[in-house]
Amino acid sequence: MAMKREEIKIITDKEEMRKWSRSMRAQGNTIGLVPTMGYLHQGHISLIKEAQNHTQLIVVSIYVNPSQFSPSEDLATYPSDFHGDIQKLNSISGGVDVVFHPQNLYDYGESITTSNCSSSEEKEEEKGLVSCVEERKLGHETWVRVERLEKGMCGKSRPVFFRGVATVVTKLFNIVEPDVAVFGKKDYQQWRIIRRMVRDLDFSIEVIGCEIMRDADGLAMSSRNVHLSPNEREKALSISRSLSRAKFAAQNGQISCRELRNSVTQAILEAGGKIDYAEIVDQDSLEPMDEIKSPVVICVAAWFGKVRLIDNIEINL
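Residues numbered from 1 in each chain as written. Predicted model: local features only at pLDDT ≥ 70, side-chain atom pairs only at ≥ 80, totals over all residues. Heavy atoms only, no water.

- The name given to the protein in an unreviewed UniProt entry is Pantoate--beta-alanine ligase, with Macleaya cordata as the source organism.
- Under Catalytic activity (unreviewed entry), UniProt gives the following word-for-word description of the protein: "(R)-pantoate + beta-alanine + ATP = (R)-pantothenate + AMP + diphosphate + H(+)".
- You can read under Subunit (unreviewed entry) in the UniProt record for the protein the words "Homodimer." (UniProt positions renumbered as here; feature names shortened; annotations may be inferred.)

What follows is the structure, encoded as structure tokens:
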């Protein structure tokens, strides 16, 4: 469905974004949305190309979402290059119609006082469940939760992450009103959470997952890779290599998830990484598995230096 496009339109106001979408849909066009946090790489480009296969018009959102970061995480250092992102988008065959680049999706034009926000005692009771949005006392207090799917894996070490993701994606869906939304399966748990949210809340949106894009050496593409030193990057290859070995072992009869998980963990630790988690879970429910008797995915999060990397590999026996 790729078509010749005019110069990319940059929209920063959410009402203007919604007006554009409704105008285009009234003309009979379908709209695809690719949500990003910017600092685009070939993984993002692959999502845009997939969206082109499904809709006539393409919207790429570029927004570093503060609600998915806790105050101790890397929001302030998250890489950004908006000018470079626009250049990359302009070079894509088939192109992009709109870049939605809002300044703050949690600014409602109100004067917020500390009485509107949780006290430090209440925050203690929440056991650290505070996002950068709450810390800045922006007055936002409505959250979307996918309660069971968000509990494991990344949800354990990043307790505000998935409610922040589900909430901002809901906001983007309500503003852009796309027919199709495309997400990368590198963030496997996130992709499953969004699919479940769309099903449960009856969004009229098709959510498509794209396979992981990797550099030539096998490292999963990520905006955070820029923070890896050359030595750390070499060591980080232990993630994708151990996942590939585990899949090969499973395909050759090793169905014990404990054994497979231990092999992945050991390889990453031996390379100098620090494990956040290594789990083998059902592809749909994300429930941990003891043996591979149905389609599973091995999901890993590990630290190399100050960079937290995630990766996964699906196994369909």
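## What to know about the overall build of the protein
(1) Moving on: Of the regular secondary structure elements, the protein holds 10 helices and 9 strands.
(2) Moving on: Since a compact globule built from 317 residues should have a radius of gyration of about 20 Å, the 20 Å found for the protein is in line with a globular shape.
(3) Moving on: Oriented by its inertia axes, the alpha-carbon framework of the protein measures out at about 55 × 55 × 40 Å.
(4) Moving on: Evaluated residue by residue, the protein yields a buried proportion of 53% over its 317 residues.
(5) Moving on: For the protein, long-range pairs separated by at least 24 residues make up 73% of all intrachain contacts whose partners lie at least 6 apart in sequence.
(6) Moving on: A total of about 15500 Å² of accessible surface is found on the protein, and carbon and sulfur atoms cover 47% of it. (Helix = DSSP H or I, 4+ residues; strand = E, 2+ residues; numbered from the N terminus. Rg over C-alpha atoms; globule rule 2.2 N^0.38 Å. Buried < 20%, exposed > 50% of the residue type's maximum accessible area, 1.4 Å probe, protein only. Contact = heavy atoms within 4.5 Å. Areas by Shrake-Rupley, 256 points an atom, 1.4 Å probe, with all protein chains shown as cover.)

## Considering the packing of aromatic side chains
(1) Moving on: Evaluated as defined, the whole model comprises 4 aromatic pairs.
(2) Moving on: Measuring from centroid to centroid gives 6.2 Å for Phe-69 and Tyr-78, while their planes differ by 75 degrees, and the two rings are edge-to-face.
(3) Moving on: Owing to a relative accessible area of 0%, Phe-69 belongs among the buried residues under this scheme.
(4) Moving on: Under the relative-accessibility criterion, Tyr-78 is labelled buried at 12%.
(5) Moving on: Taken together, a centroid distance of 4.8 Å and an interplanar angle of 75 degrees make the contact between Phe-161 and Phe-162 edge-to-face.
(6) Moving on: Given the relative accessible area of 3%, Phe-162 is considered buried. (Phe/Tyr/Trp six-rings, centres within 6.5 Å; stacked < 30°, edge-to-face > 60°.)

## Brief notes about the sheet that holds strand β6 (residues 206-210)
Each strand in a sheet pairs with another by means of backbone hydrogen bonds, the pair being arranged parallel or else antiparallel.
(1) Moving on: Sheet architecture is open: 6 strands sit in the order β1-β4-β3-β2-β5-β6, paired in parallel fashion. In this open sheet, the two strands that pair with only one neighbour each are β1 (9-11) and β6. Averaged over all neighbouring strand pairs, the angle between strand axes comes to 25 degrees, with direction disregarded.
(2) Moving on: In the sheet, strand β2 (residues 31-36) pairs with strand β5 (residues 180-184) via 2 bridges, with the strands oriented parallel. Within β5, the position partnered with Leu-33 by the bridge is Ala-181.
(3) Moving on: Across the sheet, helix α1 (residues 14-26) lies against β1, β2, β3 (57-62) and β4 (98-100), angled at about 135 degrees from β1, the strand it touches most. (Pairing = 2+ DSSP bridges. Axes fitted to C-alpha atoms, helices over the stretch in contact; angles between N-to-C directions.)

## A look at the domain arrangement of the protein
(1) Moving on: Once the domains are mapped, the protein shows domain 1 (9-107 + 136-210) and domain 2 (225-315).
(2) Moving on: The C-alpha-based centres of domain 1 and domain 2 are spaced at 26 Å.
(3) Moving on: Each partner contributes to the interface: domain 1 provides 17 residues, whereas domain 2 provides 17 residues.
(4) Moving on: Connecting domain 1 to domain 2 are 4 salt bridges.
(5) Moving on: The closest approach of N and O atoms between Arg-192 and Asp-284, which form a salt bridge, is 3.9 Å. (Domains from an automatic or database assignment. Salt bridge = Lys/Arg side-chain N within 4 Å of Asp/Glu carboxyl O.)

## Points about the layout of surface pockets
(1) Moving on: Of the volumes computed, that of the largest pocket is approximately 320 Å³.
(2) Moving on: Here the residues of the lining of the largest pocket are counted per class, giving 2 nonpolar, 4 polar and 7 charged.
(3) Moving on: Looking at which domains feed residues into the lining of the largest pocket, each of domain 1 (9-107 + 136-210) and domain 2 (225-315) gives three or more. (1 Å grid on protein atoms, 1.4 Å probe; cavity = no way out; pocket = protein on both sides within 12 Å on 5 of 7 lines; lining within 4 Å. Points joined across faces, edges and corners; volume = space filled by probe spheres on them. Nonpolar A, V, L, I, M, F, W, Y, C, P; charged D, E, K, R; others polar.)

## Details of the side chain of Thr-167
(1) Moving on: Topologically, Thr-167 is positioned in helix α7 (residues 161-176).
(2) Moving on: The class of Thr-167 is buried, set by a relative accessible area of 4%.
(3) Moving on: At a separation of 2.9 Å, a polar atom in the side chain of Thr-167 contacts the main-chain amide nitrogen of Val-144.
(4) Moving on: When near neighbours in sequence (up to four residues on either side) are disregarded, Thr-167 contacts His-140, Thr-142, Trp-143 and Val-144. (Polar contact = N/O pair within 3.5 Å; in protein donor to acceptor, adjacent residues only side chain to side chain.)

## Describing helix α3 (residues 82-90)
(1) Moving on: Taken as a whole, α3 has its buried residues at Gly-84, Asp-85, Ile-86 and Leu-89.
(2) Moving on: Check the buried side of α3 and you find it contacts β1, α2 (42-52), β3 and β4.

## Considerations on the sheet that holds strand β9 (residues 307-315)
(1) Moving on: The sheet built from 3 strands is open, its strands ordered β7-β8-β9 with antiparallel pairing. One side of each edge strand has no neighbouring strand; the edge strands of this open sheet are β7 (274-282) and β9. Neighbouring strand axes in the sheet, compared pairwise and without regard to direction, differ in orientation by 10 degrees on average.
(2) Moving on: In this sheet, strand β8 (residues 296-304) lies alongside β7 in antiparallel orientation, the contact comprising 8 bridges. Its bridge partner being in β8, Tyr-277 is matched across the sheet by Ala-301.
(3) Moving on: Strand contacts of helix α10 (residues 257-270): β7 and β8, with the helix running at about 155 degrees to β7, the strand carrying the most contacts.

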